[in-house]
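In case you want the letters, here they are:
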Amino acid sequence: MMMQDKQGWSGRFNEPVAELVKRYTASVEFDRRLALFDIQGSLAHAQMLAACGIISTQDLNDIRRGLAQVENEIISGEFIWSLDLEDVHLNIEKRLTALVGDAGKRLHTGRSRNDQVATDVRLYLRHAIDELRGLSHTLQTAIVDLAAHHTHTIMPGFTHLQVAQPVSFAHHLMAYFEMLKRDAERLADCRKRVNRLPLGAAALAGTSYPIKREYVAELLGFDGVCENSLDAVSDRDFAIEFTACAALIMTHLSRLSEELILWMSPRFGFIDIADRFCTGSSIMPQKKNPDVPELVRGKTGRVNGHLVALLTLMKGQPLAYNKDNQEDKEPLFDTVDTLTQTLHIYADMIGGITVKPEAMRSAALQGYATATDLADYLVKKGLPFRDAHEAVALAVRFAEQRGCGLSELELEELQKFSPLIEPDIYGVLTLEGSLASRNHIGGTAPQQVETAIARARKHLQG
Ligand code: ARG
């Protein structure tokens, strides 16, 4: 609920702010979401002020009592938010003062909303990153679990979306595990730079009170303080960096979504996605649409957009704080929300995939997926690779005209393309032979992929 009120800074002004301007500049409708982090920051700040003798113990106790009540009111929904009080910070401070009097007015000693909001956003984001890392872990586990069943399920690997060489479905899935693993590392690394305390920077230059910033940092679980006050209040690079991490995760999931959509199309028919993740058509009764992956692909655009919005927000700002920074919140919040929902739904959806090995296999048998294996066979018998490539290209053309696969050609027919070809070629031209031969770290041989899965499980447990 919103109501009219007097701002915390109106003493200097001759006329009230225009209604339109008030609505234009207020952020309370969205920064309310920071409320509990704002209280957490205020409690630590007050504790430090008391410890340094800047406010009395009585004031600290009053502030604690008041903020506890404010917190209860916010959680229960009773708290009355006022647009006139501009933002979350002034709303809370005003209510605190109404509850406990002068102690509430002393809370803002040695602090500015500039270092306060920077602290709140960092506390919020640290919490969000920790949740997201958990969700990413669950998704990675779901991918590895699915892969573990399919080290011998053969599908065509593609380049240019043309059949290239056979791979196992597990190998294909484990590529996404690698991407998500790097994404999780990026989030963990970003957290280090998020987890620094701006408080104490005050408006921009620091404060003349004898504060102890390291003490506040410790109380709030920060790894240290921001070491330059101007930088502390003005940069949002940590939020940009986080959004870049998020955009990469979404981009990876968008690629996987594109594949799930293709694979579910009857033209591929490689997989089915559980009904609960799909919708029907209001006009075409036969349709089952992969709405969830389509939306993931679509929502990637919005997160990528937030990254560009934040970069653009920052690029023209002189030091130190500018009101522009108030615009950091909505893109950041929406990035966190979108990514949270996406990781959550994705982990469930992966668990609801039905694999159709026969369709994958017959697709791998079309398109001469083992042609490279034939070329490699000739090379191992002494033919230079370029000559082998040419010989196999001619063999493929011949088989294509015949409308059959390479392994369906007679030995004498194959030998027309190279006398080096012997009966053992038929082992090489099979899908299984092709996979098994790529037996080195990173290769698609079942033995290697099993090892990769074991490594992944160890990593996820560690
Ligand atoms: N709502 C503001 C923001 O989000 C808080 C800081 C305002 N500081 C100021 N000097 N007006 O950035």
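For the structure, see preceding data.
Reading the values: rules and limits
Residues numbered from 1 in each chain as written. Predicted model: local features only at pLDDT ≥ 70, side-chain atom pairs only at ≥ 80, totals over all residues. Heavy atoms only, no water. Axes fitted to C-alpha atoms, helices over the stretch in contact; angles between N-to-C directions. Helix = DSSP H or I, 4+ residues; strand = E, 2+ residues; numbered from the N terminus. Parallel < 35°, antiparallel > 145°, perpendicular 65-115°, else oblique. Left-handed = near helix turned anticlockwise from the far one by under 90°. Salt bridge = Lys/Arg side-chain N within 4 Å of Asp/Glu carboxyl O. Buried < 20%, exposed > 50% of the residue type's maximum accessible area, 1.4 Å probe, protein only. Near = heavy atom within 4 Å. Polar contact = N/O pair within 3.5 Å; in protein donor to acceptor, adjacent residues only side chain to side chain. Areas by Shrake-Rupley, 256 points an atom, 1.4 Å probe, with all protein chains shown as cover. Nonpolar A, V, L, I, M, F, W, Y, C, P; charged D, E, K, R; others polar. Contact = heavy atoms within 4.5 Å. Core = buried A, V, L, I, M, F, W, Y, C linked by side-chain atoms within 4.5 Å.

Caption draft 1: Seen up close, the packing of helix α7 (residues 113–148) against helix α13 (residues 329–351). Two numbers describe how α7 lies on α13: the axes approach to 9 Å, and their chain directions differ by 20 degrees. Of the possible angle classes, the one that applies to α7 and α13 is roughly parallel. As for the relative orientation of α7 and α13, their crossing is left-handed in sense.

Caption draft 2: Just the pattern of salt bridges, in detail. Summed over the entire model, instances satisfying the criterion amount to 27 salt bridges. Put simply, Asp189 and Lys192 hold a salt bridge, and the shortest N to O gap is 2.8 Å. Here Asp189 pairs with Lys192, and both are found in helix α8 (residues 169–194), just 3 residues apart, close to one helical turn. By relative accessible area, which is 29% here, Asp189 ends up partly exposed. Put simply, Arg236 and Asp328 hold a salt bridge, and the shortest N to O gap is 2.8 Å. Of this pair, Arg236 sits in the loop between α10 (229–234) and α11 (237–264) while Asp328 sits in the loop between α12 (291–315) and α13; the two residues are 92 residues apart in sequence, bridging distant segments of the chain. For Arg236, a relative accessible area of 2% translates into the label buried. Each of Glu86, Asp87, Arg113 and Lys323 takes part in one network of salt bridges that share partners.

Caption draft 3: Geometry of the site of the ligand. Around the ligand sit Ser27, Asp31, Asp87, His89, Arg113, Asn114, Val117, Tyr321, Gln326 and Lys329, and those are all the residues in its vicinity. The separation between a nitrogen atom of the ligand and a polar side-chain atom of Asp87 is 3.1 Å. One of the side-chain nitrogen or oxygen atoms of Gln326 is found 2.8 Å away from a nitrogen atom of the ligand. Here the ligand loses 85% of its free accessible area of 340 Å² to cover by the protein chains. Its residues assigned to classes, the shell around the ligand comprises 2 nonpolar, 4 polar and 4 charged.

Caption draft 4: Structural context of the packing of helix α3 (residues 35–51) against α7. Taken N-terminus to C-terminus, the directions of α3 and α7 make an angle of 120 degrees; their axes are 9 Å apart at the nearest point. In the packing of α3 onto α7, the handedness of the crossing is right-handed. Facing Phe37, Asp38, Gln40, Gly41 and Ser42 of α3, the residues of α7 in contact are Gln116, Asp120, Leu123, Tyr124, Arg126 and His127. In terms of residue class, the contact of α3 with α7 is built from 3 nonpolar, 5 polar and 3 charged.

Caption draft 5: Representation of the nonpolar core. In terms of nonpolar packing, the biggest core is built from 107 residues, with Leu125, Phe242 and Ile271 touching the most fellow members. Here the element with the most residues in this core is α7; it accounts for 15 residues. Sequence-distant contacts of Ile271, that is, excluding residues within four places in its chain, are made with Phe169, Leu260, Trp263, Met264, Ile353, Thr354, Val355, Lys356 and Met360. Of all hydrophobic cores here, the second largest spans 20 residues; its members include Tyr368, Leu374, Ala375 and Ile421.

Caption draft 6: Just the environment of Glu413, in detail. Secondary-structure assignment places Glu413 in helix α17 (residues 411–415). For Glu413, a relative accessible area of 14% corresponds to the buried category. For the pair Glu413 and Asn91, spaced 322 residues apart in sequence, the C-alpha to C-alpha distance is 85 Å. Sequence-distant contacts of Glu413, defined by excluding residues within four places in its chain, comprise Phe398 and Arg402.

Caption draft 7: Inspection of unusual backbone geometry at higher detail. Of note, the bond from Leu319 into Ala320 is cis; its omega dihedral lies within 30 degrees of zero at 0 degrees. Locating Ala320 in the fold gives a position in the loop between α12 and α13. Here the phi dihedral of Leu161 falls at roughly 60 degrees; this positive angle occurs in a residue that is not glycine. Its place among the elements puts Leu161 in the loop between β1 (154–159) and β2 (162–168). Residue Tyr368 is not a glycine yet carries a positive backbone phi of 55 degrees. Mapped onto the elements, Tyr368 comes out in the loop between α14 (357–365) and α15 (371–380). Owing to a relative accessible area of 19%, Tyr368 belongs among the buried residues under this scheme.

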